[in-house]
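Okay, here's what each chain looks like letter by letter:
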Amino acid sequence: MPLAAQSDPAQTAPGSPDASRITGGTYQADPNHTLVEWEVDHLGFSPYFGLFGDVTGTLQLDPAAPQNAKVDVTIPVAKVTTASEGLTGHLLRAGKDGAKPDFFGPSPEDARFVSTSVEPIGPDSAKVTGDLTLNGVTKPVTLDVRFFGAGTMADKENVGFEAETTIMRSDFGLGFLVPLVSDEVELKIAAAFAKGE
């Protein structure tokens, strides 16, 4: 039977862009549905992107005072995913003859983002500034964040956001092949959180 024939038009998604569904409190990052996409300009020919997943961490959120929100998430760099086995291997390859790796190396530390301020911009968006630690270097980064949806699933309140920012990889000691491969890295984040027990 075709998939379309199996769907029930009376069903609705448990989440929706309705901020009144957010009760507030402490939420845990959903590692299965939180993704960080990175994109670079590859030699001027095309964009190239990859993903980080298995993100963990917490979000503290009070819908009555969004400016007080706090987020602290950890991104396992060692689990970087690309469409090219060769590129993934290069990203995690040790340096030759004891030299510094071109990128992360075989045992990279996790990346971490810890917010330091939240500036609401309109009813469903904010600028979230924080410290990003990547490749052993910590720099301030500001994310443009948009509320995506909230609701209840599996007896837990879930909230989700989209975020974007641009970083310079050379700021984090990852300048190999700049400018042939762009220094600018666009980050697009899908962040899902579930309220703790």
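Read on for an overview of the structure. The written sequence of each chain sets the order in which its residues are numbered from 1. The predicted nature of this model means local features are confined to residues of pLDDT at least 70 and side-chain atom pairs, given and counted, to a pLDDT of 80 or more, with totals for whole chains, interfaces and linings taken over all residues. Water and hydrogen atoms were dropped before computing side-chain values, which therefore reflect all heavy atoms in the structure.

### Quick look at the side chain of N158
By secondary structure assignment, the location of N158 is in strand β10 (residues 156–168). Classification of residues uses two cut-offs on accessible area relative to the type maximum, computed with a 1.4 Å probe and protein chains only: under 20% is buried, over 50% is exposed, and between them is partly exposed. Judged by relative accessible area, N158 falls into the buried class, the value being 18%. Here the side chain of N158 touches K156 through a polar contact of 2.8 Å, landing on its backbone oxygen. The residues touching N158, leaving out its near neighbours within four places in the chain, are G149, A150, G151, M153, F193 and A194. In this description a helix means any DSSP run of H or I spanning at least four residues, a strand means any run of E spanning at least two, and both kinds are numbered starting from the N terminus. Under the rule applied, a polar contact is a pair of N or O atoms within 3.5 Å (in protein, one hydrogen donor and one hydrogen acceptor; residues adjacent in sequence only if both atoms are side-chain atoms). Here, residues are in contact when the closest pair of their heavy atoms is within 4.5 Å.

### Considerations on the packing of aromatic side chains
Note on aromatic contacts: the rings of Phe and Tyr and the six-membered ring of Trp form a pair at centre separations within 6.5 Å, being stacked when their planes are under 30 degrees apart, edge-to-face when over 60 apart, and tilted otherwise. Under the criterion given, the structure shown has 4 aromatic pairs. Residues W38 and Y48 carry aromatic rings whose centres are separated by 6.4 Å and whose planes lie at 40° to one another, so their mutual orientation is tilted. Linking W38 in strand β3 (residues 35–42) with Y48 in strand β4 (residues 46–52), this pair joins segments that are 10 residues apart in sequence. Summarising the aromatic geometry, the rings of F103 and F176 are spaced 5.3 Å apart at their centres and angled 85° between planes, so their arrangement reads as edge-to-face. A residue pair is termed long-range when its members are at least 10 positions apart, and F103 in the loop between α2 (85–91) and β7 (111–120) and F176 in the loop between β10 and β11 (184–195) qualify at 73 residues. A relative accessible area of 14% places F103 in the buried class.

### With respect to the pairing of β7
When DSSP finds two or more bridges between two strands, those strands count as paired. Note: strand β6 (residues 70–75) against β7, 4 bridges, orientation antiparallel. Each bridged residue has a counterpart across the sheet, and for D72 the counterpart in β7 is V114. The pairing of β7 with strand β8 (residues 125–134) spans 8 bridges and is classified as antiparallel. Counterpart to V118 in the pairing with β8 is V128. Here β7 folds back onto β8, and the loop between the two strands holds 4 residues, one of which, G122, carries a positive phi near 80°.

### Section: the pairing of strand β2 (residues 25–29)
In the sheet, β2 pairs with strand β5 (residues 56–61) via 4 bridges, with the strands oriented antiparallel. In the sheet register, Q28 faces β5, and the bridge partner there is T58. As judged from the 3 bridges shared by β2 and β11, these two strands associate in the antiparallel manner. What sits directly across from Q28, in β11, is A194.

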